[in-house]
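Okay, here's what each chain looks like letter by letter:
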There are 2 protein chains.
Amino acid sequence: MQEIELTHVDCADCPIRHRAVCARCEAPELDQLEEMKYYRSFEAGQTIAWTGDKLDFVATMVSGIATLSQTLEDGRTQMVGLLLPSDFMGRPGREVASYDVTATTEVVMCCFRRRPFEELMRSTPHIAQRLLEMTLDELDAAREWMLLLGRKTAREKIASLLAIIARRDASLTRGVPSGRMEFDLPLTREAMADYLGLTLETVSRQVSALKREGVIQLAGKRHVSVPDFDRLMLETGDDTDGGMPV
Amino acid sequence: MQEIELTHVDCADCPIRHRAVCARCEAPELDQLEEMKYYRSFEAGQTIAWTGDKLDFVATMVSGIATLSQTLEDGRTQMVGLLLPSDFMGRPGREVASYDVTATTEVVMCCFRRRPFEELMRSTPHIAQRLLEMTLDELDAAREWMLLLGRKTAREKIASLLAIIARRDASLTRGVPSGRMEFDLPLTREAMADYLGLTLETVSRQVSALKREGVIQLAGKRHVSVPDFDRLMLETGDDTDGGMPV
DNA sequence: CGTTCGTTTGAAGTTAATCAAGACGAGTGG
DNA sequence: CCACTCGTCTTGATTAACTTCAAACGAACG
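All figures in this text were calculated on a predicted structure; none of them were measured in a lab. (Residues numbered from 1 in each chain as written. Chains lettered and ligands numbered in written order. Predicted model: local features only at pLDDT ≥ 70, side-chain atom pairs only at ≥ 80, totals over all residues. Heavy atoms only, no water.)

Things to note about the sheet that holds strand β3 (residues 57-63) of chain B
Residues and elements named next belong to chain B.
Consideration 1: Taking strand neighbours across the sheet as the criterion, the four strands line up as β1-β8-β3-β6 in an open arrangement whose pairing is antiparallel. Pairing within the sheet leaves two strands with one partner each, and these edge strands are β1 (37-42) and β6 (88-89).
Consideration 2: Inspection of the sheet shows β1 paired to strand β8 (residues 107-113) by six bridges, in the antiparallel sense. Residue pairing across strands places Ser-41 opposite Val-108, the latter belonging to β8. (Pairing = 2+ DSSP bridges. Helix = DSSP H or I, 4+ residues; strand = E, 2+ residues; numbered from the N terminus.)

This is the structure we're talking about:
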C-alpha cells in the first residue's frame with residue numbers, strides 16, 4: 001500500500017473539525033487527540049481496507065470520497081455506505097474491518113491509534129456522545145437506502161441518487177435545494193450500480209432516459225445539471241411533502 | 001389507542017435487563033430509571049407509532065415483536081427494522097417518530113419519559129455508551145440487510161430470512177446452530193414480503209419451492225423445521241466460511 | 001496510432017410482479 | 001353440525017422490468 005506521508009495539521013485549523021467525531025472536544029481533549037493522530041492519504045481506486053483486515057486505527061475522513069461495500073461468494077457486490085468528509089470509519093471495540101473500504105477519489109484521513117482512542121472514549125463522554133449522534137444519522141440513512149433498494153424502480157433509484165448528491169452539494173455551498181442545480185457525479189456508472197442494486201447497463205439506460213425527457217442535462221459523462229429540482233423529486237417516488245427525517 | 005395498564009416490575013427482576021440499554025447501569029442509576037419508567041402493552045396488529053407522531057417517550061422492548069417500516073407515496077412499503085426483546089425504540093434528541101412502528105405479536109414495552117431520560121444520558125456515560133454499542137450493531141444488521149435487498153435472488157432472500165430466524169431462535173434456547181432446527185415464523189407472508197422487498201406471491205412460491213426440494217418441512221403454514229441447517233445456509237448465497245460480523 | 005477504460009446501445013433471456021382464481025383454516029352464527 | 005365468512009395462503013397465466021450477452025463508441029494516455 002503506497003501512501004504519501006502528510007505534514008501534521010493542527011486540530012484548530014482542521015476544515016471539518018466542527019462536524020467530525022471531535023466536534024464537541026475542548027482544548028485539553030484536543031491535545032490528547034493531537035498526540036494519537038496521524039494523516040494518511042490514498043489514491044483514487046485504492047483499497048483502504050478489506051473485510052477481515054486487522055485495523056489498528058479508527059479514522060475521520062478529511063477530504064475525498066470512499067465507499068463501504070459487501071460482496072457475496074460469487075462476486076455480486078453491494079455498496080452499503082458512503083464516506084464523505086467528516087464521516088467516521090471503524091468501530092471502537094472491534095479490531096477487524098467489517099466491510100471493504102475503497103477510495104473513490106483521492107482520500108485524506110485523520111487516523112487515531114485504536115488503543116489510545118478507545119481509552120479516551122472511556123474517559124471523556126463528549127466523543128461517545130458525538131459518535132452516537134453520527135451513528136444514529138447513519139442508521140437513518142441506511143434505512144432510507146433500504147426503502148430504495150427494496151421498493152423503488154430503476155428510474156426512481158437513479159432519480160433518488162441524483163437528488164441525494166444534488167442536495168448534499170447544495171448544503172455545502174448554496175442554501176435550500178430548489179430550481180436549477182449543477183454538480184459532478186463522484187461515481188462511475190458501475191459504482192452507481194453497486195450503490196443502487198442495479199447493473200451498470202440499467203444505470204446507463206435510465207440516465208439516458210432522464211436526459212432524453214429533459215429531467216436532467218449532461219455535459220460530458222459526469223457533469224449533471226438539473227433544470228428543475230422539484231421535477232427531479234417527483235421522479236424519486238418519495239413523499240412530496242418534504243418529510244426527510246432531518 | 002387502547003392499552004392494558006401493567007403492574008410495576010423492579011429493574012432488578014427484569015428479564016432483559018442485562019441486554020438492554022440499561023445493561024451497564026448500577027444501583028443509583030437504576031433508581032433514577034425506576035422513577036421515570038412505566039410499562040405499556042399493545043395487542044398484535046396494533047400501531048405503536050406513525051411516522052411524524054410526536055413521542056414523549058423512548059422505550060425498551062420487554063416482550064413480543066414489533067416492526068419499523070417506511071412507505072412510499074403510492075403505498076409500497078418496506079420494513080426497515082425489527083424490534084425484539086431488549087431492543088431500544090426512539091431516538092434521544094428527536095421528538096418525532098421517523099418510522100411506522102407496529103406490534104406484530106402482543107408487545108410489552110418499558111417506556112422512559114423523554115426529558116428525564118435525556119437528562120440522565122447527559123449525566124451518566126454508561127447509558128450513552130451502551131446505546132452506542134446497540135446502535136452500531138443495528139447499523140451492521142441494516143447493512144447486511146442492504147446486501148440482501150440489493151443483490152440476492154428471491155430464493156436467497158427467503159433462505160436468508162429463515163436462517164436469521166432459526167439462528168436467533170437457537171441463540172435463545174440451544175447453543176450453536178447446526179443439524180436439525182425447528183421454529184415458528186413470527187411473520188405473515190405479507191410481512192415477510194415487506195421485509196424482503198418482494199411480493200407475497202413470490203414469498204409463497206419460494207417457500208413452496210424450498211419445501212418441495214426438502215430444504216425445509218412445513219407443519220401448518222407457520223411452523224418450519226430445517227432438517228439440515230448447513231443445507232439451508234448454502235441457499236442463502238452468503239460466504240460459507242461463517243464470517244458473520246459478530 | 002493503438003490501447004484501455006468507462007460508457008452507450010441493441011437484442012435476447014430471465015426473474016419477479018401483476019392479475020386472477022381458488023383452497024385452506026379458524027371462527028361465527030343459524 | 002353445517003353453512004358462511006374472513007383472512008391468509010397457494011397456484012396458474014401473463015406481462016413488465018431488469019439482467020445478460022454482445023458490440024461498438026469516444027475520450028484519455030502512452
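Moving on from the coordinates now.
A word on the protein's contact with DNA strand D
Consideration 1: Near DNA strand D you find 17 residues, and of these Ala-154, Thr-202 and Arg-205 of chain A together with Arg-189 and Ser-204 of chain B are the closest.
Consideration 2: Close to the protein, within 4 Å, the atoms of DNA strand D are drawn from sugar and phosphate at a rate of 60%.
Consideration 3: Between Arg-205 of chain B and DNA strand D, the recorded distance is 2.9 Å, taken from a side-chain N or O atom to a base nitrogen.
Consideration 4: A distance of 3.1 Å separates a phosphate oxygen of DNA strand D from a polar side-chain atom of Arg-222 of chain B.
Consideration 5: Sorting the residues of the surface near DNA strand D by element identifies α6 (200-212) of chain A together with α6 (200-212) of chain B as the ones contributing at least two each.
Consideration 6: Among the elements that line the surface near DNA strand D, the one with the most residues is α6 of chain B, at five residues.
Consideration 7: Within the surface near DNA strand D, the residues separate by chemical class into three nonpolar, seven polar and seven charged. (Near = heavy atom within 4 Å. Polar contact = N/O pair within 3.5 Å; in protein donor to acceptor, adjacent residues only side chain to side chain. Nonpolar A, V, L, I, M, F, W, Y, C, P; charged D, E, K, R; others polar.)

A few points about the packing of aromatic side chains
Consideration 1: Evaluation of the coordinates by the stated rule reveals six aromatic pairs over all chains.
Consideration 2: With centroids separated by 5.3 Å and ring planes inclined at 25 degrees, the aromatic side chains of Phe-112 of chain B and Phe-117 of chain B adopt a geometry described as stacked. The pair formed by Phe-112 of chain B and Phe-117 of chain B is uniform in burial state, with each residue classed as buried.
Consideration 3: Ring-pair connections join several aromatic residues into one group, and the members of that group are Phe-88, Phe-112 and Phe-117 of chain A.
Consideration 4: Over the aromatic face of Tyr-99 of chain B sits the side chain of Arg-143 of chain A, whose NZ or CZ is 5.3 Å from the ring centroid. (Phe/Tyr/Trp six-rings, centres within 6.5 Å; stacked < 30°, edge-to-face > 60°. Buried < 20%, exposed > 50% of the residue type's maximum accessible area, 1.4 Å probe, protein only. Lys NZ or Arg CZ within 6 Å of the ring centre and 35° of its normal.)

What about the sheet that holds strand β5 (residues 77-83) of chain B?
Residues and elements named next belong to chain B.
Consideration 1: The four strands are arranged β2-β7-β4-β5 in an open sheet whose pairing can be described as antiparallel. Of all strands in the sheet, those bounded by a partner on one side alone are β2 (47-49) and β5. The sheet shows a mean angle of 30 degrees between the axes of neighbouring strands, direction not considered. (Axes fitted to C-alpha atoms, helices over the stretch in contact; angles between N-to-C directions.)

Looking at the relation of the copies chain B and chain A
Consideration 1: Aligned on chain A, chain B shows an RMSD of 0.1 Å; the corresponding rotation is 180 degrees and the shift along the axis is 0.0 Å. Accordingly, the operation relating the two chain copies is best matched by a two-fold axis.
Consideration 2: Interface overlap between copies is the fraction of interface residues in one copy that are interface residues in the other; for chain B against chain A it reaches 100%, indicating a shared surface. (Least-squares fit on C-alpha atoms with pLDDT ≥ 70 in both. Contact = heavy atoms within 4.5 Å.)

Let's talk about the protein's contact with DNA strand C
Consideration 1: Residues in close proximity to DNA strand C total 17 residues, the closest being Arg-189 and Ser-204 of chain A together with Ala-154, Thr-202 and Arg-205 of chain B.
Consideration 2: Restricting the count to atoms of DNA strand C within 4 Å of the protein gives a sugar and phosphate share of 62%.
Consideration 3: Within the side chain of Ser-204 of chain A, one N or O atom sits 2.6 Å away from a phosphate oxygen of DNA strand C.
Consideration 4: The separation between a phosphate oxygen of DNA strand C and a polar side-chain atom of Thr-199 of chain B is 3.1 Å.
Consideration 5: Of all the secondary-structure elements, those providing two or more residues to the surface near DNA strand C are α6 of chain A together with α6 of chain B.
Consideration 6: Here the surface near DNA strand C takes five residues from α6 of chain A, the largest share from any one element.
Consideration 7: The residue inventory of the surface near DNA strand C, partitioned by class, reads three nonpolar, seven polar and seven charged.

Looking at the domain arrangement of chain A
Quoted interface sizes are often the accessible area lost when the parts come together.
Residue and element names in this part refer to chain A.
Consideration 1: Here chain A is partitioned into domain 1 (11-146) and domain 2 (152-234).
Consideration 2: For domain 1 and domain 2, the distance between their C-alpha centres works out to 26 Å.
Consideration 3: Taken together, the contacts link nine residues of domain 1 with eight residues of domain 2.
Consideration 4: Carbon and sulfur atoms supply 65% of the area that domain 1 and domain 2 bury against each other, a total of about 770 Å² over both sides.
Consideration 5: Where domain 1 touches domain 2, the interface holds zero salt bridges.
Consideration 6: The interface formed by domain 1 and domain 2 holds five residue pairs in polar contact (both at pLDDT 80 or more) in total.
Consideration 7: Per element, the largest residue contribution to the side of domain 1 that touches domain 2 is four residues, and it comes from strand β5 (residues 77-83).
Consideration 8: Grouping the constituent residues of the side of domain 1 that touches domain 2 by class yields five nonpolar, three polar and one charged. (Domains from an automatic or database assignment. Buried area = accessible area lost by both parts, 1.4 Å probe. Salt bridge = Lys/Arg side-chain N within 4 Å of Asp/Glu carboxyl O.)

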